[in-house]
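Single-letter residue listing:
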Amino acid sequence: MASANTSWSEENFSCPICLDVFSSPVSTPCGHNFCRACINKFWDEQVQCKCPICNIIFGTRPDPQVNILVSEMADQFRTTVRVKEQPCFEPAEVLCDVCTGTQLKAVKSCLMCSTSYCQTHLEPHQRVAGLKKHRLVEPMDRLEDRMCKKHDRLLELFCQTEQECVCLLCTVTDHKSHPVVPLKEEYEVKTALLGKIEAEVQQMIQERKLKIKEIKETVEFSKKDADGVIADGGQVFTALMRRVEKCRDDFNQTVKERLKTTEKQAEDLIKELEQEIEDLTNRSSEVKPLSHTEDHLHFLQTFRSLKDPPPTRDWTTVEVRPPSYAGTLRRSLDQLEETLNMEMKKLRDAELKRVQQYEVDVTLDPDTAHPRLILSEDGKQVHHGGVRKVLPDNPKRFIGYTCVLTRQSFSSGRFYFEVQVEDKTGWWLGVVRESIDRTGVTGWTPETGYWTLLYYKDVLVFRDDPDVRVPLRAELQKVGVFVDYDEGLVSFYDVEARVHIYSATGCTFSEPLYPFLSPWHHEGATNSAPLIISPVNQTD
């Protein structure tokens, strides 16, 4: 093998963890090198095994193999370059404090003089009796910072109580009863702690990067969702505007046609009247001269020759009635309402499909079920058994009313589930907060943590103070429940009719929410059908 290139720096052969020259270097699957002891110790202190450099997380703890090439080069480098023993300073970089001009490298530092000396200027300390008593150590830089300000001795110990560096005399004075350890020992402890902190910081950085990615993905999804809503709304409003314009045009056309018919009738009557007036005027012209003659013979002879008067209509019963527009506008609005209902149905379908995409898989929790309730093995059905079972005490169990919660709870975001209520004369369902009273002593309103819909004897209400009665169009078969935790919204839907039933808005959620079901009373088997948590079927 070629000799080590001494022009390379020590960091080329240093472990990234201990910062010392590699000892038994091994490679991780991602290609980075560490001392075997360092990487094993690092992984022992981590929840997940990952690379300290690139933070790649390994599914299983790797068994790193020795990197022969790096090991041989590190050994050769160690023989040609002196490895630093003190991580805080480089001995080769300490210069003589006495030299003038070009400073030579120091070979020793005097703790009494707080000065570093080269071989030449160290000579008095080796010759003069008084100076021989001075304590000489390996060259150190910043000697004044390494000396105890109180005792003027080297800071070479660490007080674990006061968490500060101390000298040997400090341990018999101010720190007499305190546990102290050598600086190197505490350094190793703090280095390991620092490595753990760094790993935790890197993990926190990764978590925040993932959170940023999650937020960006949410914003992107929200943009696409908004585009879809705008497109759906645009189609609805465009169809409505076209229908309004058509209804307006049809209405105007109908009114104009009726007015035109009336005007035509009046015009024809006026023409007929004018013709009769003309005929009567001509008759008057013939009769008037004869009425003024006093010649009896002429009068009688002329009268015989007079023509019969023209036929005329009896105009006393003839009239032109203004056109009636009664019902015209109403019929146009009825057509518009029909179109609006069609578009509303499309909109309701789109709304239900939109909330159905937040479907969650929930199962009933037997630990919360009232003793009279019977749950199916898969946790999807519950019905009233009619008989109270003897069950162990459980603070989560309902004992006042026949209710049950799901195992799953939700503390953020949106969720949706559907419950089949077919063939039941009574039921109660919705969501509740975790801390609700299970004894039935308190009320069942949003103020006490209940956001629920109750059906009993053909009456549907949202439980509040007072209850809100909800119109019931037809017998409900399946109810959908949608919750937007962050927006404070709880909505109920008639899934089969694809109709919105009721929404509670402006809700304040401060703890986990649980889906809540109650099959209501048994009522002599007339209400024995189960409530069934059913999968969402998004039909086109």
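Residues numbered from 1 in each chain as written. Predicted model: local features only at pLDDT ≥ 70, side-chain atom pairs only at ≥ 80, totals over all residues. Heavy atoms only, no water.

### Section: the overall build of the protein chain
- Along the backbone of the protein chain there are seven helices and 22 strands.
- For the protein chain, the C-alpha radius of gyration of 50 Å lies well beyond 24 Å, the compact-globule estimate for 540 residues.
- Relative to its full complement of 540 residues, the protein chain shows a buried share of 33%.
- A fraction of 58% describes how many contacts in the protein chain between residues 6 or more apart in sequence connect residues 24 or more apart.
- In the structure as shown, the protein chain presents an accessible area of about 33,400 Å², 54% of it carried by carbon and sulfur atoms.
- Of the charged side chains in the protein chain, 68 are positive and 84 negative, and the gap between their average positions amounts to 4 Å. (Helix = DSSP H or I, 4+ residues; strand = E, 2+ residues; numbered from the N terminus. Rg over C-alpha atoms; globule rule 2.2 N^0.38 Å. Buried < 20%, exposed > 50% of the residue type's maximum accessible area, 1.4 Å probe, protein only. Contact = heavy atoms within 4.5 Å. Areas by Shrake-Rupley, 256 points an atom, 1.4 Å probe, with all protein chains shown as cover. Lys, Arg positive; Asp, Glu negative; His and termini not counted. Charge placed at Lys NZ, Arg CZ, Asp CG, Glu CD.)

### A closer look at the layout of surface pockets
- Looking at the second largest pocket, its volume works out to about 230 Å³.
- D225, E351, R354, V355, Y358, R414, F482, D484, L489, S491 and Y493 are the residues that line the second largest pocket.
- Of all the secondary-structure elements, those providing two or more residues to the lining of the second largest pocket are α7 (328-356), β18 (478-484) and β19 (489-494). (1 Å grid on protein atoms, 1.4 Å probe; cavity = no way out; pocket = protein on both sides within 12 Å on 5 of 7 lines; lining within 4 Å. Points joined across faces, edges and corners; volume = space filled by probe spheres on them.)

### Notes on the packing of helix α5 (residues 183-291) against α7
- Close contact between α5 and α7 brings their axes to 9 Å; oriented N to C, the two are set at 170 degrees. On the basis of their axis angle, the class for α5 and α7 is roughly antiparallel.
- Here the contact of α5 with α7 is composed, by residue class, of 13 nonpolar, six polar and seven charged. (Axes fitted to C-alpha atoms, helices over the stretch in contact; angles between N-to-C directions. Parallel < 35°, antiparallel > 145°, perpendicular 65-115°, else oblique. Nonpolar A, V, L, I, M, F, W, Y, C, P; charged D, E, K, R; others polar.)

### A closer look at the pattern of salt bridges
- By the definition in use, this model includes 20 salt bridges.
- One salt bridge connects R248 with D249, and the closest N-O pair in it is separated by 3.4 Å.
- Note on D249: relative accessible area 40%, which makes it partly exposed.
- Close ionic contact of D484 with R414 constitutes a salt bridge, the shortest N to O distance being 3.0 Å. In this pair, D484 is assigned in strand β18 and R414 in strand β13 (residues 414-420), connecting sequence segments 70 residues apart.
- Note on D484: relative accessible area 6%, which makes it buried. (Salt bridge = Lys/Arg side-chain N within 4 Å of Asp/Glu carboxyl O.)

### Thoughts on the pairing of strand β20 (residues 499-504)
- Sheet analysis places β19 next to β20, joined by five bridges and oriented antiparallel. Paired with S491 across the two strands is S503, which belongs to β20.
- In this antiparallel pair of consecutive strands, β19 and β20, the connection spans four residues, and R498 shows a positive phi of 55 degrees. (Pairing = 2+ DSSP bridges.)

### Concerning the packing of aromatic side chains
- Counting across every chain of the model gives 16 aromatic pairs.
- Plain terms: the ring middles of W428 and F516 are 4.9 Å apart, the flat faces sit at 75 degrees to each other, and that makes the pair edge-to-face. Highlighted residues: W428 in strand β14 (residues 426-433) and F516 in strand β21 (residues 513-518), separated in sequence by 88 residues. Each of the two residues, W428 as well as F516, counts as buried.
- Here the aromatic residues F398, Y401, W428, W444, Y450, Y456, F516 and W520 are joined through ring pairs into a cluster of three or more.
- The aromatic ring of F398 is capped on one face by R438, whose charged end is 5.4 Å from the ring centroid.
- One residue, R463, lies across the ring of W428, its end atom 5.8 Å from the ring centre. (Phe/Tyr/Trp six-rings, centres within 6.5 Å; stacked < 30°, edge-to-face > 60°. Lys NZ or Arg CZ within 6 Å of the ring centre and 35° of its normal.)

### Quick word on the nonpolar core
- Core analysis: the largest hydrophobic core is formed by 36 residues, its most contacted members being W427, W451, V490 and F492.
- If we ignore the near neighbours within four places in the chain, the residues touching V490 are V431, W451, F482, V483, Y502, S503, A504, C507 and F509.
- Counting residues in each nonpolar core, the second largest holds 17 residues, with F13, F34, W43 and A199 among its members. (Core = buried A, V, L, I, M, F, W, Y, C linked by side-chain atoms within 4.5 Å.)

### Looking at the sheet that holds strand β3 (residues 65-66)
- On the basis of which strands lie adjacent, the open sheet formed by three strands has the order β2-β1-β3 and antiparallel pairing. Each edge of the open sheet is held by one strand with a lone partner, namely β2 (33-35) and β3.
- Where strand β1 (residues 25-27) and β2 come together, three bridges link them in antiparallel fashion. If you follow P25 over to β2, its bridge partner there is C35.

### As for the sheet that holds strand β9 (residues 180-182)
- Taken in spatial order, the three strands line up as β8-β7-β9 in an open sheet, and their pairing is antiparallel. Each having just a single partner strand, β8 (164-166) and β9 make up the two edges of the open sheet. Taking the axes of each pair of neighbouring strands and ignoring which way they run, one obtains an average angle of 40 degrees across the sheet.
- As judged from the three bridges shared by strand β7 (residues 157-159) and β9, these two strands associate in the antiparallel manner. Looking at the pairing, L157 lines up with P182 of β9.

### Notes on unusual backbone geometry
- For the bond from D465 to P466, the omega torsion is 5 degrees, close enough to zero to count as cis.
- Inspection of the secondary structure assignment puts P466 in the loop between β16 (459-462) and β17 (468-469).
- With a phi angle near 65 degrees, N55 is a residue other than glycine that sits in the positive phi range.
- One can find N55 in the loop between α1 (36-44) and β3.
- Residue classification places N55 among the buried residues on the basis of a relative accessible area of 12%.
- Phi at D423 takes a positive value of approximately 65 degrees, unusual for a residue other than glycine.
- Assignment of secondary structure puts D423 in the loop between β13 and β14.

### Looking at α1
- Regarding α1, the residues found buried are C38, I39, F42 and W43. Axial view of α1: buried residues confined to an arc of 125 degrees, hence all on one face. For α1, exposure combined with an orientation more than 90 degrees from the buried face picks out A37 and D44.
- Along its buried surface, α1 packs onto β1, β2 and α5. (Arc of directions from axis to C-beta.)

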